[in-house]
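# Descriptive analysis of the structure
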Amino acid sequence: MSCHNASRWLDEAADSVLAQTFSDFEFLLVDDGSIDDTPAIIEKYRALDSRVVAVPKKHSGLADSLNVGLARARGTWIARLDADDRWEPERLEKQMRFALSNPDVVLLGTNFLQMNGQGVPMKRIRCPSTHRALLWNLEHLQRFFPHSSALFRREAALEAGSYNPWNRLSEDSDLWLRLAEKGKIACLGEFLVSCRKHPEQISNTKAAGSPQLVYGFAAAISHFLRINGYPDPSRGTDEGEWNDFVAWIDRRIREEGIPDYHTAWSAARASYFASRNRLAGAISAAARLVRSGQTVPLVSEKLFGLSLPRKLAHEWMKR
């Protein structure tokens, strides 16, 4: 777990780890330069349970902090949890049982519950279960299991290059695609993780919306380049070249109108959840979509996914 000023929900998250029915693990808490009560909370748990390992460091961001944890970890398997989410007690037991019975699997997730800032469940989210369907979703920027449900082989992740700090908003999907190139990925059909939706998280901020989409495209395009034998811009030695690659993606997806209908979808969702009545909310959301003129591309994406990453990869190959 990487923690940066995570004191608000850290106790709840840590308690859910230490309450696991599978108990043979070390719990690495990487403090990413927090200036709130996070260090004191981590120290409290370190004193309470010998499995807790405190890893303090200067603030450097999520990807670098997770790589520090990977380097310090001693286990064969890595189980991830964000500091604002929580696990069901049998999460590790059920995932480890599956992983040990399926030696070709390098990455395993679970279905999940979405909860609000107060921890109240809002809805259940189901994900595909097979390697083929999960890989298709990654390649087409569709629904995937959350970072907090991921269990993956440490050695495979290290061989894949670990988390990429250059891909600062999609470092998880970037690593999942690399792992999918090395072995099978799978997802349990049980709801073993609860993920919190709240305004403070990176993926919910208005400023992060478009950049996160760009970095998601960058992860998928880099994957297509690798499997076709072309150099991966995310693994070069010149960060300037990577930034040029990201800027090119940003320009191309804007030319294709992708951010426009993602903005329309976000506005429609906000309209739906702002209403106390589901029917009224659905009507309001539908009206917003119709007025935006983005209904057809949105329906197409939801049904068939985004084919643009593969197209852009082929464009980049010709450059």
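All values reported here derive from a predicted model rather than from experimental measurement.

When helices and strands are counted, the chain shows 13 helices and 9 strands. Expressed as a percentage of the 319 residues in the chain, the buried residues total 50%. Taking as baseline every contact in the chain between residues at least 6 positions apart, the subset at least 24 positions apart corresponds to 78%. Approximately 15700 Å² of the chain is accessible, and the part contributed by carbon and sulfur atoms is 52%.

With that settled, consider the confidence of the model for the chain. Mean pLDDT over the chain works out to 89, with 85% of the residues at or above the 70 mark. Segment residues 202–209: pLDDT under 50, and 9 contacts once partners within four positions in sequence are set aside and those in other chains are kept.

With that settled, the discussion passes to the sheet that holds strand β3 (residues 52–57). With parallel pairing, 3 strands are arranged side by side in an open sheet as β1-β2-β3. Two strands close off the open sheet at either side, each with one partner strand: β1 (2–3) and β3. Contacting β1, β2 (27–32) and β3, helix α1 (residues 10–18) crosses the sheet at an angle of about 160 degrees to β2.

All told, the structure shown has 9 aromatic pairs when counted by the stated rule. Note that arginine 124 overlies the ring of phenylalanine 191, its terminal NZ or CZ placed 4.6 Å from the centroid.

So, how was this worked out
- Residues numbered from 1 in each chain as written.
- Predicted model: local features only at pLDDT ≥ 70, side-chain atom pairs only at ≥ 80, totals over all residues.
- Heavy atoms only, no water.
- Helix = DSSP H or I, 4+ residues; strand = E, 2+ residues; numbered from the N terminus.
- Buried < 20%, exposed > 50% of the residue type's maximum accessible area, 1.4 Å probe, protein only.
- Contact = heavy atoms within 4.5 Å.
- Areas by Shrake-Rupley, 256 points an atom, 1.4 Å probe, with all protein chains shown as cover.
- pLDDT = per-residue confidence, 0-100.
- Pairing = 2+ DSSP bridges.
- Axes fitted to C-alpha atoms, helices over the stretch in contact; angles between N-to-C directions.
- Phe/Tyr/Trp six-rings, centres within 6.5 Å; stacked < 30°, edge-to-face > 60°.
- Lys NZ or Arg CZ within 6 Å of the ring centre and 35° of its normal.

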